[in-house]
Structure formats: C-alpha cells, structure tokens
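Each chain, letter by letter, is given below.
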Amino acid sequence: MKILAVDSSAAAASAALTQEGKILGEFYCNVGLTHSQTLMPMIGGLLKNTRTDIGSVDLFAVSTGPGSFTGIRIGIASVKGLAMPKNTPCIGVSTLRAMAENLAHLSGTVCAVMDARCGQVYNAVFRVDGKTAERLVPDRAVSVQALAEECKKYAGPLFLVGDGAGLCYNSPWFEPLGAVLPPETLLYQRASGVAKAAEEAFREGKAVSPGGLRPVYLRPAQAERALKKKMGESRK
Amino acid sequence: MQKFTTVSPEETEALGEKIGAGLKGGEVLALFGGMGAGKTALTRGIARGLGIPQGVSSPTFALVHEYHGRLALYHFDMYRVESWDDLYSTGFFDYLGTGGVLVVEWSENIENALPESAVRICFQRGKSDNERIITVEGMDP
C-alpha cells in the first residue's frame, strides 16, 4: 500500500511516500516560509524523484492538528485536492501522535508538546515499549506547569518531543523530572511519522473520503479571557 | 513615548516611511484610532520605508495583506474580528515570530491578544479637520 503523507502543522513542512513501512522518499523543509508556497512543490518533487504516478497512491495521510491554524488548513486542503479526483481514502492523524513515532523505539513515556504560546502547550502522552506508542491521554491544551505536575505520575524515563520540548525542558517545573530532550533529528513531527501513524489507523478502519478530513483545533486557556479590553482597563 | 502632529495624509505617510525605514523585523505595530484617522496612510508610508514598491490598500475584506520588501509586511485589519475564534482564523498567531513586521489596524478589538512588546501607535484628531496627533509608544529609538 502506497501512502503519501503530508505535514505542515507547524514551522516545518514535510512530505513522505511510504510503502509497507518502507520510506521511499521524504522531503523536509524548516525555513519558516509559507507552506502555501512550499508544500505543493515538495510533493511534486517527491513524486517526480521517486518516479511515482499520483494515481498509484493508495492512501493519503495528513496531520490535522493541533498546530498552526493556517498550516493545518494548507495541509488538509492540499491533500483533499490530491485525493478527490479518484476519491482515494484519506487518514487524518493527530500531529502529537505522529511525532510520538520519532521515539517509539524507546521504552518509557513520551510527552509530545507543541508551543501554544502564553505558557501553554498542546500535549498528549504516550507509553512506548520499543515498538509501539500507546496513547495515555487525549490531545489537549495545558499549561507547562500543570503538565509537569501530571508527568510525575508516569513511568520514566520521560522523553519530550515537538516544538514545545525545549520550552518544557528549560522550565523550572520540568527540571526535577529529569526529562530527556531528543536531538534535532528526532525533535519535530515528520511526514514519515504521519504515514506510520496512518498505517495503523487504516488497519483500525479509520479511513475517510477526502471530503471527510477535518481540522482539529485546540484552544489554549487564554481563549477564556476577553479579547477586547473593557473601557477604562486600557492603558492611556 | 513620542508625539507627532501631522496636518495631511501625505505628512502621516511620511511619518510612516520614517518608522518603516527604522524597523529591524519582528515588530508588531498596533494601530489605535477610528475611521479616517490615517491608519492606512501611515501603513502606506511604513511599506514604502520597507522598500515595498506596490500600493497598500486596506485589508478590511481579506483581513490580512502580505507584502515583501526589505522585510515581509503583514497588514491586518481587525475591524470585523469579534472573538478569539475569529482572531485564530486570521492566522494572526502564525505570523508572530516569523521575523516579518505586523501592522495591526483596529488593535482596539484584539488588545488582550497583543504581545507585550507591541509598539502602540494611537491616532487622535487635532484642532483642524486634517490635523492628527499621533503617539508612538514602546518603539526602540
């Protein structure tokens, strides 16, 4: 089964083509350019260099969030457009689940974190046993402090992953936990991880038609606050 | 805090050009002031100061316009933004930290979402019809 997977949920973007677990090709860029300009040429280059006809792709996979609002929409819209002509099945994958794949070869607890600004992170926690990543909590937005408190109860060692990993690692709340910060090569979500997670979801019957792909937005707690300052509250 | 008085849209634009020329990237310029206060004129000047050749128009309908000069300029209009969901859907948070300059018209509507480091530029009407008193707060000299 050929899977074309795409991730553009944060600052980096990537596209990967896999077949039965083998990565046939992967294209990754982390230069902060708009994905609307870089993603399609990356997918085009990937297909061209692997000499793959887009029509031979059996499954499309995309990270559907959490992450950057525009990034997620670009990824999903691109995949929808590619999958619709042949109504090819699609899988939407949690960005946090996809990045947990980076550390699935380890044993312990993987704490996947994306910076949601204002001391908040998007997070999910997985138990890894050297082969698979088992989800322990649903994707959510949580403060760095509350997450550190929660992480005390998980079996060590505690591995961080994602663009919020450094933020957590350097925070005073995480310091006593002795968490492990992986190297750059394993730090961010990759399209190959999206493909891997999608393969599993496909076996569980979670494929949808292209039109069924939906973005998943999580709101950090700041959304509870008023957006506009009240009269008199405003600085002069 | 710096205070400027301009007596025409051209002078407001010239002030904008001076501000634009001094930008280093990553700044959020939050504009406060009602209809016809000169926000778009100032932004036009900022764009010119950044070496952006094309004309700048109000992004009221598109919510954000993007220009590329010496630095990228993201020109937001928050007039129709009423909730956090609205604000997320403009991509505002995605543009912070890209190294580009954000100019935000109708910052009144999203004041609690502005970063601490935002430069606040307030427009007030002066004595005559065309006179504007423009205060700039939080800008590195």
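Residues numbered from 1 in each chain as written. Chains lettered and ligands numbered in written order. Predicted model: local features only at pLDDT ≥ 70, side-chain atom pairs only at ≥ 80, totals over all residues.

### Describing the overall build of chain B
Step number 1: Of the regular secondary structure elements, chain B holds four helices and seven strands.
Step number 2: When the elements of chain B are put in sequence order from the N terminus, they spell out β-α-β-α-β-β-α-α-β-β-β.
Step number 3: Scaling as 2.2 N^0.38, a compact globule of 141 residues should have a C-alpha radius of gyration of about 14 Å, and chain B matches this with 14 Å.
Step number 4: With the C-alpha coordinates of chain B rotated into their principal frame, the extents come out at 40 × 30 × 25 Å.
Step number 5: For chain B, with 141 residues in total, the buried portion stands at 44%.
Step number 6: Partitioning the contacts of chain B with sequence separation of at least 6, the portion at a separation of at least 24 is 66%. (Helix = DSSP H or I, 4+ residues; strand = E, 2+ residues; numbered from the N terminus. Rg over C-alpha atoms; globule rule 2.2 N^0.38 Å. Buried ≥ 20, exposed ≤ 12 C-beta atoms within 10 Å, placed from the backbone. Contact = placed C-beta atoms within 7 Å.)

### Let's talk about the interface of chain B and chain A
Step number 1: Across the contact, 15 residues belong to chain B and 14 residues belong to chain A.
Step number 2: If you list the elements that add at least two residues to the side of chain B that touches chain A, you get helix 3 (84–89) and helix 4 (92–95) of chain B.
Step number 3: Sorting elements by how many residues they give to the side of chain B that touches chain A places helix 3 of chain B first, with four residues.
Step number 4: Here the residues of the side of chain B that touches chain A are counted per class, giving six nonpolar, six polar and three charged. (Nonpolar A, V, L, I, M, F, W, Y, C, P; charged D, E, K, R; others polar.)

### Details of the sheet that holds strand 1 (residues 2–7) of chain A
All names here are of chain A.
Step number 1: Read across the sheet, five strands follow the order 3-2-1-4-5 without closing on themselves; strand pairing throughout is mixed. The outermost strands of the open sheet, each flanked by one partner alone, are strand 3 (22–29) and strand 5 (90–93). Strand-to-strand twist in this sheet, taken as the mean axis angle between neighbours without regard to direction, amounts to 15°.
Step number 2: Looking at chain direction, strand 1 and strand 4 (residues 59–63) are connected through four bridges and run parallel. Pairing of Val6 across the sheet is with Val62, part of strand 4.
Step number 3: Helix 1 (residues 35–49) contacts strand 1, strand 2 (13–19) and strand 3 of the sheet and is inclined by roughly 25° relative to strand 2.
Step number 4: Those strands touched by helix 7 (residues 191–203) are strand 1, strand 2, strand 3, strand 4 and strand 5, and its axis lies near 125° from that of strand 1. (Pairing = 2+ DSSP bridges. Axes fitted to C-alpha atoms, helices over the stretch in contact; angles between N-to-C directions.)

### Digging into the environment of Phe4(B)
All names here are of chain B.
Step number 1: Turning to its location among the elements, Phe4 is positioned in strand 1 (residues 2–6).
Step number 2: On the neighbour-count criterion, Phe4 (15 C-beta atoms within 10 Å) is partly exposed.
Step number 3: Considered as a pair, Phe4 and Pro53 are 49 residues apart in the sequence and their alpha carbons are 25 Å apart.
Step number 4: Ignoring any residue separated from it by four or fewer positions in sequence, one finds Phe4 in contact with Leu15 and Ile134.

### Description of the domain arrangement of chain A
Residues and elements named next belong to chain A.
Step number 1: Looking at the assigned domains, one finds that chain A contains domain 1 (2–95 + 189–218) and domain 2 (97–187).
Step number 2: The greatest single-element share of the side of domain 1 that touches domain 2, amounting to four residues, is contributed by helix 7.
Step number 3: The residue makeup of the side of domain 1 that touches domain 2, split by class, is seven nonpolar, six polar and two charged. (Domains from an automatic or database assignment.)

### A look at the nonpolar core
Soluble, globular proteins show a tendency: their nonpolar side chains are buried together.
Step number 1: Of all hydrophobic cores here, the largest spans 105 residues; its most connected members are Ala5(A), Ala61(A), Ala112(A), Val121(A), Val194(A), Ala198(A) and Leu29(B).
Step number 2: Looking at this core, the element that brings in the most residues is helix 2 (residues 69–83) of chain A, giving seven residues.
Step number 3: Three or more residues apiece are contributed to this core by two domains, here domain 1 (2–95 + 189–218) and domain 2 (97–187) of chain A.
Step number 4: Ignoring anything within four residues of it in the chain, the contact list for Leu29(B) reads Val101(B), Leu102(B), Val103(B), Val104(B), Val119(B) and Ile121(B). (Core = buried A, V, L, I, M, F, W, Y, C linked by C-beta atoms within 7 Å.)

### Observations regarding the packing of helix 1 (residues 9–21) of chain B against helix 2 (residues 39–49) of chain B
All names here are of chain B.
Step number 1: In contact at an axis separation of 6 Å, helix 1 and helix 2 are set at 40° when each is read in the N-to-C sense. Put simply, helix 1 runs oblique to helix 2. Crossing hand, helix 1 versus helix 2: right-handed. Taken together, the residues of helix 2 that come into contact with helix 1 (itself represented by Pro9, Thr12, Glu13, Ala14, Leu15, Gly16, Glu17, Lys18, Ile19, Gly20 and Ala21) are Ala41, Leu42, Thr43, Arg44, Gly45, Ile46, Ala47, Arg48 and Gly49.
Step number 2: Here the contact of helix 1 with helix 2 is composed, by residue class, of nine nonpolar, six polar and five charged. (Parallel < 35°, antiparallel > 145°, perpendicular 65-115°, else oblique. Left-handed = near helix turned anticlockwise from the far one by under 90°.)

### Remarks on the pairing of strand 2 (residues 28–32) of chain B
Residue and element names in this part refer to chain B.
Step number 1: Most of strand 2 sits inside the fold, with five of its five residues counted as buried.
Step number 2: A two-sided burial pattern is seen for strand 2, the buried positions comprising Val28, Ala30 and Phe32 on one face and Leu29 and Leu31 on the other.
Step number 3: With three bridges connecting them, strand 2 and strand 5 (residues 101–105) associate as parallel partners. Paired with Ala30 across the strands is Val104, a residue of strand 5.
Step number 4: Of the strand pairs in this sheet, strand 2 and strand 6 (residues 119–125) are connected by four bridges, and their pairing is parallel. Looking at strand 6, one finds that Ala30 is bridged to Arg120.

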